[in-house]
Amino acid sequence: MRHLKKNGIIVYLDVPPIDIVSRLKLMKIDRIVGQNSGTSMKDLLKFRRQYYKKWYDTRVLCEDGASPEEVADKVLNAVKRYQDVDSETFISTRHIWPKDCEQKVPTKFFSEAVIEGLAPDGGLFVPEKEFPKLNCGEWKSLVGATYIERAQILLEKCIHPADIPASRLGEMIETAYGENFACSKIAPVRHLSGNQFILELFHGPTGSFKDLSLQLMPHLFAHCIPPSCNYMILVATSGDTGSAVLNGFSRLSKNDKQRIAVATFFPEDGVSDFQKAQIIGSQNENGWAVGVKSDFDFCQTSIKRIFQDSDFTGFLTVEYGTVLSSANSINWGRLLPQVVYHASAYLDLVSQGFISFGSPVDVCIPTGNFGNILAAVYAKTMGIPIRKFICASNQNHVLTDFIKTGHYDLRERKLAQTFSPAIDILKSSNLERHLHLMANKDGQLMTRLFNQLEEQHHFQIEKILVEKVQQDFVADWCSEEECLAAIHSTYNTCGYILDPHTAVAKVVADRMQDKTCPVIISSTAHYSKFAPAIMQALKIKEISQTSSSQVYLLSSYNALPPPHEALLERTKQQEKMECQVCAADVNVLKSHVEKLVQNHFI
Ligand SMILES: *Cc1c(COP(=O)(O)O)cnc(C)c1O
């Protein structure tokens, strides 16, 4: 293998083991080289796989029944892609295409998009070309695959090997999803009732779907940054991101932790007690939490402002050799791993026999910053037949109104605090990426709309664009009472406890979905993160004092999903920890950032 690697490109012809076995049968061969009596074909193939995985440069997925000519074509394409090192680039959503075709477009590589987070012009990075597509046979070959295998194949199609070599990416994926999740299926799909399925995205270490991207993203990030700089990652969190970011980055190697640190800013009074304890308790040697006396939108806007303050960022670079970056859901490295679970959920429905490959499903997603639902859109562009994207909001329903009318209007809105705080959001950042896609990459339009949002607090898109959005999207919102009622009735009828975000999606799915195909409801958090709301919903009288005793009480109900052991364990020790608190003032946030940089890197 080493010799091959030195002398050429190694192409991994990836054939599902069951296809290999049936081919051998056709050829009337019952054993292969190296197979002793007593070893099964399956074990031998598994043994060999580790060598392929370690050394290959590019993979060709060989679907069942592909002809030699088709496979040969794929090999040529794979080699071409491998050699074409600057073919897969990223642009800002606000990029304006030059009139003169000769002029060079200022593009970025995947690694740059991950490091920089936000584009210099204030837009978000998106791939310049279309998402890679898998054909039907290729998808079918993933039906029997594990989550890790699916992630490896999908993500290596989206990340050029010049940015991260496929075999290295594979190792990162194994580290991310190997042992840190409480369920070996990582993101299992559970039949709830009728045509409704729950995609359980909360089995990661911090109990929310944020773990799905944040167990992987730090490894991508550490690989992409240049070795000579320190990186301080700034995160605004509406609750779940904070602990997930802190947890994800704490799993880097010791070396990487010395050069990468995290500061998370959260609204002091805008997250649940449990979430707050969890964020604070997730602080560690390279990560801190800072409470801000304001709401999430303030935290997010301030961080954007800090990034755009070139005097400040320049000062940090010169004075401390430190660069600022973000790990918010606007970061491409966060968004991309989320595509996998949407595809994986669909494949699970196929493998469990609920649908056959190719038949449509709807997805219903409690939406805040639009990351989760946008990842589902990307899964569709890769070939997963998602019919409708059902966008669910709570009473902060700016997105519902926008999808219904094309008018994004913040003028009369005040952020309300709800039982589902992670979607208490007014400025839904990733929407810009979706509009960019819908508007055929019209950066000029994006610049105009989002500047207008900044200055006049609203924008209206034209009718033709509204209709295009509405082709795939429907939206609605759920009141606080409906949310609690859904938790109550689902527990009574199915013995399943929904977290409040999932309940928002369930209410909207019940109302909006036409029942002609399955609907996959994203369950974005484990219910135990929101114990007080659950107790209220289930009309449990004894509201205990500490959040950990509430969580313990709920877990004694023997309901589904099972208790989240890692969360239970950690809540106890988290209640007494403290964090810094700062005033709602960008300059105060800045001085916090500088102090943390100083302490960690100097
Ligand atoms: C972050 C979060 C959401 C919102 O996800 P977006 O990708 O921002 O739309 C929903 N539910 C929970 C529990 C979350 O933590």
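Note that the coordinates shown come from a computational prediction; the quantities given were computed from them, not determined experimentally. (Residues numbered from 1 in each chain as written. Predicted model: local features only at pLDDT ≥ 70, side-chain atom pairs only at ≥ 80, totals over all residues. Heavy atoms only, no water.)

A. Region of the structure containing the overall build of the protein. Regarding its fold elements, the protein presents 27 helices and 18 strands. Each principal axis of the C-alpha atoms in the protein carries an extent, and together these give about 70 × 60 × 50 Å. Considering the protein as a whole, with its 602 residues, one finds that 59% of them fall into the buried category. Pairs at least 24 apart in sequence give 76% of the contacts found in the protein among residues at least 6 apart. Working note: accessible area of the protein is about 25,000 Å², and carbon and sulfur atoms make up 53% of it. When the 63 positive and 67 negative side-chain charges of the protein are each reduced to one mean point, those points stand 4 Å apart. (Helix = DSSP H or I, 4+ residues; strand = E, 2+ residues; numbered from the N terminus. Buried < 20%, exposed > 50% of the residue type's maximum accessible area, 1.4 Å probe, protein only. Contact = heavy atoms within 4.5 Å. Areas by Shrake-Rupley, 256 points an atom, 1.4 Å probe, with all protein chains shown as cover. Lys, Arg positive; Asp, Glu negative; His and termini not counted. Charge placed at Lys NZ, Arg CZ, Asp CG, Glu CD.)

B. Quick peek at the packing of helix H7 (residues 147-158) against helix H8 (residues 166-178). For the pair H7 and H8, the least separation of the axes is 9 Å and the interaxial angle reads 140 degrees. In this structure, the crossing between H7 and H8 has a hand that is right-handed. Contacts from Tyr 147, Ile 148, Ala 151, Gln 152, Leu 155 and Glu 156 in H7 reach Ala 166, Leu 169, Gly 170, Ile 173, Glu 174, Tyr 177 and Gly 178 in H8. Of the residues that constitute the contact of H7 with H8, the class distribution is eight nonpolar, three polar and two charged. (Axes fitted to C-alpha atoms, helices over the stretch in contact; angles between N-to-C directions. Left-handed = near helix turned anticlockwise from the far one by under 90°. Nonpolar A, V, L, I, M, F, W, Y, C, P; charged D, E, K, R; others polar.)

C. Region of interest: the domain arrangement of the protein. Domain boundaries in the protein define domain 1 (1-83), domain 2 (189-206 + 334-428 + 471-574) and domain 3 (210-332 + 576-601). In this structure, domain 1 and domain 3 have C-alpha centres spaced 43 Å apart. (Domains from an automatic or database assignment.)

D. Region of the structure containing the pattern of salt bridges. Under the criterion given, the structure shown has 30 salt bridges. Two residues, Asp 57 and Lys 5, come together in a salt bridge whose shortest N-O distance is 2.9 Å. A residue pair is termed long-range when its members are at least 10 positions apart, and Asp 57 in the loop between helix H3 (41-55) and strand S2 (58-61) and Lys 5 in helix H1 (residues 2-7) qualify at 52 residues. The class of Lys 5 is partly exposed, set by a relative accessible area of 30%. For Asp 472, the salt bridge goes to Lys 380, with nearest N and O atoms at 3.6 Å. Here Lys 380 lies in helix H17 (residues 371-381) and Asp 472 lies in helix H21 (residues 463-472), a separation of 92 residues in the sequence. Bridged by salt links that share partners, the residues Asp 14, Arg 49, Arg 59 and Glu 156 form one connected network. (Salt bridge = Lys/Arg side-chain N within 4 Å of Asp/Glu carboxyl O.)

E. Region of the structure containing the sheet that holds strand S9 (residues 260-267). Reading across the sheet, the five strands line up as S11-S8-S9-S10-S18 and stay open at both edges, with parallel pairing between neighbours. The sheet is open, and its two edges are formed by strand S11 (322-326) and strand S18 (580-582), each paired on a single side. Between one strand and the next, the sheet's axes are offset by a mean angle of 25 degrees, whatever the strand orientation. Pairing between S9 and strand S10 (residues 287-292): six bridges, direction parallel. (Pairing = 2+ DSSP bridges.)

F. Main features of the nonpolar core. If you look at the biggest cluster of nonpolar residues, it comprises 119 residues, and the most contacted ones within it are Phe 110, Trp 139, Tyr 177, Phe 249 and Leu 435. In terms of residues, this core owes the most to one element, helix H16 (residues 332-351), which gives 12 residues. When sequence neighbours within four positions are dropped, the list of residues in contact with Leu 435 reads Phe 402, Met 446, Leu 449, Phe 450, Phe 459, Ile 461 and Val 469. Among the nonpolar cores identified, the runner-up in size contains 36 residues, and Ala 392, Leu 498, Ala 505 and Ala 537 belong to it. (Core = buried A, V, L, I, M, F, W, Y, C linked by side-chain atoms within 4.5 Å.)

G. Local environment of helix H10 (residues 217-224). The element H10 is largely enclosed, with a buried count of seven among its eight residues. Burial in H10 covers these residues: Met 217, Pro 218, His 219, Leu 220, Phe 221, Ala 222 and Cys 224.

H. Spotlight on the UniProt feature "domain: Threonine synthase N-terminal" (unreviewed entry) in the protein. The UniProt entry lists residues 105-177 under the feature "domain: Threonine synthase N-terminal" (unreviewed entry), expressed in the numbering used here. Overall, residues 105-177 shows 51% helix and 7% strand. The separation of its end C-alpha atoms is 37 Å. (UniProt positions renumbered as here; feature names shortened; annotations may be inferred.)

I. Structural view of the sheet that holds strand S5 (residues 125-127). Strand order across the open sheet formed by three strands is S4-S3-S5, with antiparallel pairing between neighbours. Edge strands, defined here as strands with exactly one partner in the open sheet, are strand S4 (108-109) and S5. Where strand S3 (residues 89-92) lies against S5, three bridges are found, and the strand directions are antiparallel. Each bridged residue has a counterpart across the sheet, and for Phe 90 the counterpart in S5 is Pro 127.

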